[in-house]
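Single-letter residue listing:
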Amino acid sequence: MNIEKILQEELNLKSSQVINTIKMIDDGNTIPFIARYRKEMTGNLSDVVLREFYDRLNYLRNLKNRKEDVVRIIEEGGNLTDKIKTDIKNAKTLQEVEDIYVPFKPKKRTRATIAKEKGLEKLAISIMNYDIEDINSEAKKYIDKDVKNEEEAIKGALDIIAEIISEDASLRKIIRRIALNDGVISCKGSTDEKSVYDMYYSYSEKVKTMASHRILAINRGEKEKFLKVKLELNEDMIIDKIKSINLKNKSSQLSNYIEQAINDSYKRLIFPSIEREVRSYLTEKAQERAIKVFGENIKKLLLQPPVKANVVMGFDPAYRTGCKIAIVDENSKLLDTTTIYPTKPQNDEEGSKKVLIELINKYNVNIIAIGNGTASRESEMFVANLIKEIDKDIKYIIVSEAGASIYSASSLATEEHPDINVSIRGAISIARRLQDPLAELVKIEPQHIGVGQYQHDMNQKRLGSVLEGVVEDSVNAVGVDLNSASYSLLEHVAGISKSVAKNIVIYREEVGEFKSRKELKKVKRLGPSAFVQCAGFLRIDNSKNVLDNTGVHPESYDICEKLIKRLGYTLDDIKNKKIEDIDDKIKSLGIENLSLELNVGVLTLKDIINEIKKPGRDPRDESIKPVFRSDVLKIEDIKEGMILKGTVRNVVDFGAFVDIGIKNDGLVHKSQMSDRFVKDPMQIVSIGDIVDVKVIQIDLQKHKVSLSMKGI
């Protein structure tokens, strides 16, 4: 099994890309490090492709190991033949290998194994091979204390035949292919009971056309006992196929018995197994798609632009227990907290306004970040009215509070705010996630950030693995301030474990701020290999060497300094950004010539040039800024045909949910995203995008608004 060749063909890569990437992975390099600092080695593969490469490499290695195990086990049992060996060698999936292994697996007691225990296997083989003339006469030979009569002997033999047929790997492959191409998933529900699964109460669809979100919805409906789901196949056609393989002489009396075994094999053994496999295949496919969508949404959410240099009031809405308020300064330091009661049942709007106006003036609050949970829109209305009464430029914004309550009760929140009540911590999180979404959201397990579909129905281990990769890639794409980052952020930097992240914070507290990247080597348990992986992703704003505040890796400092000198600059020029004519100089010298002169790859050289152009650059600053509001919009204010500006809050397979300032986000179905066919909404919009939408339908009863992006 040539894993390198398979990866090369499947991912359309060159042999050198595959060989180099495998070696770097096996040497313990992280994906962010490989993607950022080994572009020449990989041929400029992105972190997304490298993650796919990594997953596929692991699968193929597991497949190879499983093949070797199965061959060994079958050989030890004395059953290995050249054909079995060839079939295993040619198997392309773990499922195919397991199909081949089925006849040799240790079995639970089945009807067939019981019949074998009674000594009826020879009779079964004789029937299958048409080696007997009279079945009753032959069956009589097997009557003993365990087999009472000919009928019982024949029945046991047919049970064995049924199991042999069901374990035919090539036959199962044929039936599985039929099921995947022509099978239909059928759903039935009780029409007397209303639920969110109404549309599936009488529903059927071909397996091969089922969209991921429908598969997951049906699975959940079945789990909650609203739906009964089954696979429908052309039984007669499949049984005829099985007969064509196993009936060698249709005129023989034995064929009638073999037909009985075929029918029993299909209905009792093959179909239930294939149905489970197909449902499992659909679920796995749907989960992988949902995990991918969730991952892409999380990445966009994490990489939303920070709202810097503002004092922010975090507003965590509620009813009976009161709205929790937290104020944080420009550096996210907590300044003050309180609780107000502007919503029902207290409805103390005037008293609440008085408290907030005092706090706003005292701390010079610029922005109010309102959580989007329970009582959010009532709170928004209160805040909008409050702003009208203040002679000050102040705006508000609705912020997703997904996961804030989980963070509030976490051990990390207790460490950060030991003297702050759990209920107040959510407001602190809401304020900080507006100031720096990345730094705050990494404190929450990504599956608890509600920007996906059915994430709680996913394989949690797989979901966690994929999302951890997304978080790691996002953190490293931005870079981390070594002197201000929490350990919860640092632990997502390439090469840094949770314990090392804590050691960095401890070092900072005991010794003081890091003066250079080299100083990292003094951190307990941060060895040379970890330094190589992490150093380029850590920033030091006030370092003597300006390169410590860029994405230039320390291994390239010598090259970078030679480049700066060659271009006629100094490190101080870089720090003070006095390099306005750098592009002209590089153009005149030629990037290829510089590459040869400095003995560095063109891709790496281009990255170095981009970094020295903007030391301390935060790539998120180039993204579209969030929309701030000063007044509220009610669904009753909206009319069909209105053009509104909104923020994309979630992207799913069937469309995107857009915050247009009312209680519930409006839906832009993918059919309303473009005049051309849209297969994947993520090709059109991403979380955080600011879009213009037209209102095309309003359902006041259900508080739903349908939107369109077409023709605007």
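What counts as what
- Residues numbered from 1 in each chain as written.
- Predicted model: local features only at pLDDT ≥ 70, side-chain atom pairs only at ≥ 80, totals over all residues.
- Heavy atoms only, no water.
- Helix = DSSP H or I, 4+ residues; strand = E, 2+ residues; numbered from the N terminus.
- Buried < 20%, exposed > 50% of the residue type's maximum accessible area, 1.4 Å probe, protein only.
- Contact = heavy atoms within 4.5 Å.
- Areas by Shrake-Rupley, 256 points an atom, 1.4 Å probe, with all protein chains shown as cover.
- Lys, Arg positive; Asp, Glu negative; His and termini not counted.
- Charge placed at Lys NZ, Arg CZ, Asp CG, Glu CD.
- Axes fitted to C-alpha atoms, helices over the stretch in contact; angles between N-to-C directions.
- Parallel < 35°, antiparallel > 145°, perpendicular 65-115°, else oblique.
- Left-handed = near helix turned anticlockwise from the far one by under 90°.
- Nonpolar A, V, L, I, M, F, W, Y, C, P; charged D, E, K, R; others polar.
- Pairing = 2+ DSSP bridges.
- Phe/Tyr/Trp six-rings, centres within 6.5 Å; stacked < 30°, edge-to-face > 60°.

A. Spatial organisation of the overall build of the protein. When its secondary structure is counted, the protein shows 30 helices and 15 strands. Along the longest, intermediate and shortest principal axes, the C-alpha atoms of the protein span 105 × 70 × 50 Å. In the protein, buried positions account for 49% of the 712 residues. A fraction of 65% describes how many contacts in the protein between residues 6 or more apart in sequence connect residues 24 or more apart. For the protein, the accessible surface area stands at approximately 35200 Å², while carbon and sulfur atoms represent 48% of it. The average position of the 114 basic charges and that of the 111 acidic charges among the side chains of the protein differ by 1 Å.

B. Quick look at the packing of helix α1 (residues 3-10) against helix α2 (residues 15-26). At a minimum axis separation of 9 Å, α1 and α2 run at an interaxial angle of 120°. Classified by the interaxial angle, the pair formed by α1 and α2 is oblique. Seen from above, α1 lies across α2 with right-handed handedness. Listed contacts from α2 to Glu4, Leu7 and Gln8 of α1 are Ser15, Val18, Ile19 and Ile22. Of the residues that constitute the contact of α1 with α2, the class distribution is four nonpolar, two polar and one charged.

C. Fine view of the sheet that holds strand β1 (residues 184-189). Read across the sheet, three strands follow the order β2-β1-β3 without closing on themselves; strand pairing throughout is antiparallel. This sheet does not close on itself; its edge strands, each paired only once, are β2 (202-206) and β3 (227-232). Taken over all neighbouring pairs, the strand axes of this sheet differ in orientation by 15° on average, direction set aside. Across five bridges, the pairing between β1 and β2 is antiparallel. Along β2, the bridge assignment pairs Lys188 with Ser202.

D. Spotlight on the packing of aromatic side chains. Under the defined criterion, the tally for this structure stands at eight aromatic pairs. A ring pair is formed by Tyr507 and Phe514, whose centres lie 5.0 Å apart and whose planes are at 25°; its orientation type is stacked. Each member of the pair, Tyr507 together with Phe514, is buried. Three or more aromatic residues joined by ring pairs make a cluster, and in this case those are Phe33, Tyr37 and Phe537.

E. Region of interest: the pairing of strand β13 (residues 666-669). In β13, alternate side chains face the same way, and those of Gly666 and Val668 are buried while those of Leu667 and His669 on the opposite face are not. Between strand β12 (residues 655-659) and β13, which pair antiparallel and follow one another directly, the connecting turn spans six residues, one of which, Gly661, has a positive phi of 100°. Pairing analysis gives two bridges linking β13 to strand β15 (residues 704-708), with the strands arranged parallel. Counterpart to Leu667 in the pairing with β15 is Ser706.

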